[in-house]
Amino acid sequence: MIDRKPSGSRALALGAWLLLLFASIVVITKTQFRTDMGAFLPHSAPMAQQVLTEQVNKGAASRLVLLAARGAPVSVLAAVSQAMATTLRQEPAFIDVLNGDDKSFAGVQDFVWRNRYLLSPDVTADRFTVAGLHDALVNDLGLLGSDLGALVQQSLPGDPTGETMGLMQQLGSAQAPLSRDNVWVSPDGASALLLVHTKAPGFDIDAQARDLALITSAFNAASKAVPDAGATRLLESGPGVFAVRTRDITKHDVTLLSVLASAGAIALLAFAYRSPRVLLLGILPVASGALAAIAAVSLAFGFVHGVTLGFGVTLIGESIDYAIYLFTQTARGDQAHDTLARIWPTLRLGVLTSIVGFSAMLFSSFVGFAQLGLFSIAGLIVAAGTTRFVLPHLVPQNFFGEGAGILARPLLAVMRHRRRLRPVVMLAVLAGGLALLWHRGTFWDENLTDLSPIPASDQALDQTLRHDLGVPDLRYFAVFQAHDEQLALQRSEALAATLGRLVASGRLGGFDVPSAILPSDGTQKARQAALPDAPTLSTRLAQASVGLPFRADTFAPFLHDVAAAKTAPLITQASLPPALALRLGSMLVQNGGEWDVIVPLRDVADPAAVAAAIAQAGDGGAEFVDLNQASDQLLRSFQHEAVLLASIGSLAILAVLLIGLRSVARAVTVAAPLAAAVIVTAALLTLGGAKISIFEIVGFLLIVAVGSNYCLFFERADTNPQTRERAVASIALANLCTVSAYGLMSLSSIPVLHDIGKTVAIGTFLSLVFAALFSRGIEGQGATPEWTAKA
């Protein structure tokens, strides 16, 4: 039987609630969910951070999959490699599949050959004088007698000036992998190596998962088709591999821990309430708050970030406590409306403290922090409103939590000895504070690898495969912006000249510029103008060949190709082959009305000198970027803002307590246990020189948000022993649910879940104990007949 009084307010409350849920669901169905880190950063992020997120999300490196087949002789591995490459090259999901065979660079080689005179920086008027042509032919004679003789013999009739060879060296890897049986192999010969570029960007995890499934399928088919390949195994690495594995591990941990936490909460609530209906009703505030929060963030920002969704649901997890307070503090024979009228002032103040604490995040320059703040505020408001206006109409009449009293007994026993235990707590807080003051080294964890869910073994494999494949570890970049594409390419050409001098001086090992793949229109036209007309070139070539052992008709293809190049259409982005288009797209990025140029730098021997030269290159404005420093700065920015906003939120909470309680002493009674819990928790987390992570700072926010409700209910004075005991029981039950859920979360291998879980589990338990021991409004007493008598 459901309480139906008053019927008018019941219909209005339920109707408004259902309308809100319907509207939220409608908004959510049209919501864009994003996972790229660029959407989580400030709109005005420094150039270095923009480069970092661009490379992580969309750069060529983010689409890279490194593969190694192991466990068989080289000849068998080579056959497996060829079979895999043949299969994968037929899949439209991959831009290119490289394994060192003749087809690996066929598309690029064909493009370079057809456009060599527009691409080559060596094409100048002097190149095609009699002297210039004679020098080129003499050089060709020398190369014909070298290890490159076979290659030069093939290209000589059409390219005696050697433009193609120079361009392929410029566009190729700085350190080519070893080759055996016409495929790439590791230095020890134990692995056949492949390099795959996916069409999907690295942040598209679903597409990356499908691509990896195709790779696995191709390997399985190859290992079955190739004789003696049954024992081979495939090793995979790369950003997409890490992203998919991290998602799978996270999904596994979240699913398993959520099931265990839900089972634990259901068991506790079932024991306390012994009513399936009430058990289901307890979920309504959290579910309603989550739906409304997603809709609010979507309407305010136009999208919801995945980090916001994951953290946000955690932050509003305290709203399940609201239902527990209502159900547990309802006395035998009382109605939920009566209970809510009695506890609502305290519960309302607890909700306000959480809202005010999270509101500081709205002013963050990080879009992600601002989204988290709005998500938490909207979610808590709706969850509290659901508890206040909806649940009382749905709770069965004469409901009473039969088993809740048993849960209160341990806490009541502690409270009976609180005078003797208070000095122990004070000593613990003092020791914690001193430990934090005397903490060795840096207090905050600024090592990004500590935040990574990727196992050390996987990181080591990635480094090995990158080394074996000659994939550079890109740390340094030169970046600048231009107003249009042509200006960006022109400045790229000017920067290339500066970087070339740095390479010649040994301060820089190499670099890639977008203008090497797509020269500016002006440069292409200048190179066309440098090419002589057909009669002139024919005459000069004949003169240059005097005394050299070349037949007169040997260079007919050369004369034809130069004549064609002189009037050929200019190269554009649309005319590039997919592999080069991918490389260009990672270096030349249209960003609104601007064009970002990102130039990778390899083997930087003297960062200071390189940075100074880049700053003075061309018309200035280029910036030297160290991604290690950029990522460290990004983490420090997160930490700085998190600490600042947490401090502001804490002061705002204190102000709300002073206003709501209208007493400095009462406000201190509520705030002191929270401060003590945070201090002792931080001290425990930093034992042995450990450091505080960004995720643990979020955990401190949750300690204050959840613990403030405990402290407020303990502080509230009530002369009725049974009412006081029910309050203690509700607090104990809420804390048990919280500690068990976050305690299970701390078992996760994912740093974000582990750090938040252990922080909140420890902190909320301590806030409960400290609030109980220092409370004034509730006196510890034994069980009363209400908990033992039958209804």
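Residues numbered from 1 in each chain as written. Predicted model: local features only at pLDDT ≥ 70, side-chain atom pairs only at ≥ 80, totals over all residues. Heavy atoms only, no water.

## Some points on the overall build of the protein chain
Put simply, the rule is: Under the DSSP-based scheme used, a helix requires at least four consecutive residues in state H or I and a strand at least two consecutive residues in state E, with every element numbered from the N terminus. Relative accessible area decides the class of each residue, using a 1.4 Å probe on protein chains only: under 20% of the type maximum gives buried, over 50% gives exposed, and in between gives partly exposed. Lys and Arg are tallied as positive, Asp and Glu as negative. Neither His nor the chain termini are counted. Just so you know, the charge point we use is NZ for Lys, CZ for Arg, CG for Asp and CD for Glu.
Within the protein chain one finds 34 helices and 13 strands. In terms of overall dimensions, the protein chain has a C-alpha envelope of 120 × 60 × 55 Å along the principal axes. Counting over 791 residues, the protein chain shows a buried share of 52%. Charge separation in the protein chain, taken as the distance between the mean sites of 56 positive and 60 negative side-chain charges, equals 14 Å.

## Notes on the side chain of T738
Here T738 shows up in helix α32 (residues 721-745). T738 gets classed as buried once you look at its relative accessible area, which sits at 8%.

## Examining the pairing of strand β6 (residues 191-198)
For clarity, the threshold we go by: Here, a strand pair is defined by DSSP locating no fewer than two bridges between the strands.
In terms of burial, β6 is largely enclosed, as eight of its eight residues are buried. Here β6 shows a buried face lined by S191, L193, L195 and H197 and a second buried face lined by A192, L194, V196 and T198. Strand direction decides the pairing type here: strand β2 (residues 64-70) and β6, joined by seven bridges, are antiparallel. Counterpart to A68 in the pairing with β6 is L193. Sheet topology places strand β3 (residues 94-98) next to β6; four bridges connect them, and they run antiparallel. Counted as the bridge partner of D96 is H197 from β6.

## Some words on the pattern of salt bridges
Threshold: Salt bridges are counted wherever a side-chain nitrogen of Lys or Arg sits within 4 Å of a carboxyl oxygen of Asp or Glu.
Per the counting criterion, the structure on display carries 16 salt bridges. Between E163 and R127 there is a salt bridge; the shortest N-O distance is 2.9 Å. Taken as a pair, E163 in helix α8 (residues 163-171) and R127 in the loop between α5 (116-119) and α6 (130-144) lie far apart in primary sequence, 36 residues in all. A relative accessible area of 24% places R127 in the partly exposed class. The residue D462 makes a salt bridge to R466 at a minimum N-O spacing of 2.8 Å. Here D462 pairs with R466, and both are found in helix α21 (residues 456-469), just four residues apart, close to one helical turn. Using a relative accessible area of 7% as the deciding quantity, one classes D462 as buried. With a relative accessible area of 14%, R466 lands in the buried category.

## Observations regarding helix α28 (residues 607-616)
As a reminder, the rule being used: Taken from the helix axis, the directions to the C-beta atoms give the arc we talk about. Here a residue-residue contact requires only that any non-hydrogen atoms of the pair lie within 4.5 Å.
For α28, the full list of buried residues reads A609, V610, A613 and I614. Relative to the axis of α28, the buried residues are bounded by an arc of 130 degrees and lie together on one face. In α28, the exposed positions that point more than 90 degrees away from the buried face belong to A608 and Q616. The inward-facing, buried residues of α28 contact β9 (476-482), α22 (485-504), β12 (594-604) and β13 (623-626).

## Some words on the state of the cysteines
Basically, it comes down to this: A pair of sulfur atoms, both from cysteines and within 2.5 Å, is called a disulfide here.
Counted according to the given criterion, the structure contains zero disulfides. Of all cysteine sulfurs, the one in C711 lies closest to C737, which takes part in no disulfide; the gap is 18 Å. A residue is classified by how much of its surface remains accessible, and C737, at 6% relative accessible area, is buried.

## Re the packing of helix α29 (residues 627-661) against helix α30 (residues 664-685)
The line we're drawing: In this analysis, axes come from line fits to C-alpha atoms, helices being fitted only over the stretch in contact, and the angle between any two N-to-C directions falls in the range 0 to 180 degrees. For classification purposes, angles smaller than 35 degrees are called roughly parallel, those larger than 145 roughly antiparallel, those between 65 and 115 roughly perpendicular, and all remaining angles oblique. The crossing is said to be left-handed when, going from far helix to near helix, the turn is anticlockwise and less than a right angle, and right-handed when the turn is clockwise. We call Asp, Glu, Lys and Arg charged. Ala, Val, Leu, Ile, Met, Phe, Trp, Tyr, Cys and Pro are nonpolar, and the rest, Gly among them, are polar.
Contact geometry for α29 and α30: axes closest at 8 Å, N-to-C directions at 135 degrees. Put simply, α29 runs oblique to α30. The crossing of α29 and α30 is right-handed. Contacts between α29 and α30 involve L654, L657, L658 and L661 from the former and V664, R666, A667, V670 and A671 from the latter. Of the residues contributing to the contact of α29 with α30, the split by class is eight nonpolar, no polar and one charged.

## Thoughts on α29
Formally: In this analysis, the expected span of each helix is defined as 1.5 Å times one less than the number of residues it contains. Pairs of N or O atoms are called polar contacts if they sit within 3.5 Å, as long as, within protein, a hydrogen donor faces a hydrogen acceptor (for residues adjacent in sequence, only side-chain-to-side-chain pairs).
The terminal C-alpha atoms of α29 lie 50 Å apart, and with 35 residues this matches the ideal 51 Å at 1.5 Å per residue to within 8%. In this structure D626 caps α29, since a side-chain oxygen of it lies 3.0 Å from the backbone nitrogen of N628. The first or second residue beyond α29 is R662, which carries a positive phi of 55 degrees.

## Here we look at the packing of aromatic side chains
Here is the rule: Centres within 6.5 Å make a pair out of two Phe, Tyr or Trp rings, where for Trp the six-membered ring is used; the pair is then stacked when the planes are under 30 degrees apart, edge-to-face when over 60, and tilted otherwise. Look at NZ for Lys and CZ for Arg. If either is within 6 Å of the ring centre and within 35 degrees of the ring normal, a charge sits over the ring.
What the rule picks out here adds up to nine aromatic pairs. Seen from the ring of W113, R116 lies directly overhead, with NZ or CZ sitting 3.9 Å from the centre. Above the plane of the ring of F271 lies R274, whose end atom (NZ or CZ) is 5.2 Å from the centre.

## A closer look at the packing of helix α9 (residues 205-225) against helix α10 (residues 239-273)
What describes two packed helices is the angle between their axes and the distance between those same axes. α10 packs onto α9 with a crossing angle of 105 degrees between their chain directions and a minimal axis gap of 9 Å. With respect to each other, α9 and α10 are oriented roughly perpendicular. Contacts between α9 and α10 involve I205, D206, Q208, A209 and L212 from the first element and G240, V241, A243, V244 and R247 from the second. Here the residues of the contact of α9 with α10 sort into six nonpolar, two polar and two charged.

## Digging into a nonpolar patch on the surface
Heads up, the condition is: A residue counts toward a patch only above 30% relative accessible area and without a salt bridge, and it is joined to like-charged neighbours within 9 Å or, for Val, Leu, Ile, Met, Phe, Trp and Tyr, to nonpolar neighbours within 5 Å. Surface accessibility follows the Shrake-Rupley procedure with a 1.4 Å probe radius. Residue values consider only the protein chains on display as shielding.
Judged by side-chain polarity, L427, L430, L434, L437 and W438 come together as a nonpolar surface patch covering roughly 610 Å² of accessible area. On the secondary structure map, W438 appears in the loop between α19 (418-437) and α20 (448-451).

## Some remarks on the environment of L14
Structurally, the position occupied by L14 is in helix α1 (residues 7-29). Separated by 361 residues in the primary sequence, L14 and F375 place their C-alpha atoms 23 Å from one another. Excluding anything up to four places from it in sequence, L14 contacts V390 and L394.

## Concerning the environment of L98
Considering the arrangement of structural elements, one finds L98 in strand β3. Overall, the relative accessible area of 7% leaves L98 in the buried class. For the pair L98 and G547, spaced 449 residues apart in the sequence, the C-alpha separation amounts to 43 Å. Once residues within four sequence positions are removed from consideration, L98 is found in contact with R89, S104, F105, W184, L193, L194 and L195.

## Here's the deal with unusual backbone geometry
The phi torsion of most residues other than glycine is negative, and most of the peptide bonds are trans. Positive phi, close to 55 degrees, is recorded for D181, a residue that is not glycine. Inspection of the secondary structure assignment puts D181 in the loop between β4 (178-180) and β5 (183-185). A residue is classified by how much of its surface remains accessible, and D181, at 48% relative accessible area, is partly exposed. Unlike most non-glycine residues, R274 shows phi in positive territory, near 55 degrees. In this structure, R274 sits in the loop between α10 and α11 (276-281).

## Focus: the side chain of N709
Its place among the elements puts N709 in helix α31 (residues 694-715). Ignoring anything within four residues of it in the chain, the contact list for N709 reads E318, Y322, Y325, G350 and V351.

## What about the confidence of the model for the protein chain?
Inclusion rule: pLDDT is a per-residue confidence score from the predictor, ranging from 0 to 100.
Mean pLDDT over the protein chain works out to 86, with 91% of the residues at or above the 70 mark. Put simply, helix α34 (residues 785-788) is where the protein chain has its lowest mean pLDDT, 52, and helix α24 (residues 521-530) is where it has its highest, 96. Low pLDDT (under 50) marks residues 1-5, which in the prediction has 19 contacts with non-local residues, meaning those over four places away or in another chain. Residue range residues 777-785 is modelled with pLDDT below 50. Its contacts to residues more than four positions away, or to other chains, number 30 contacts.

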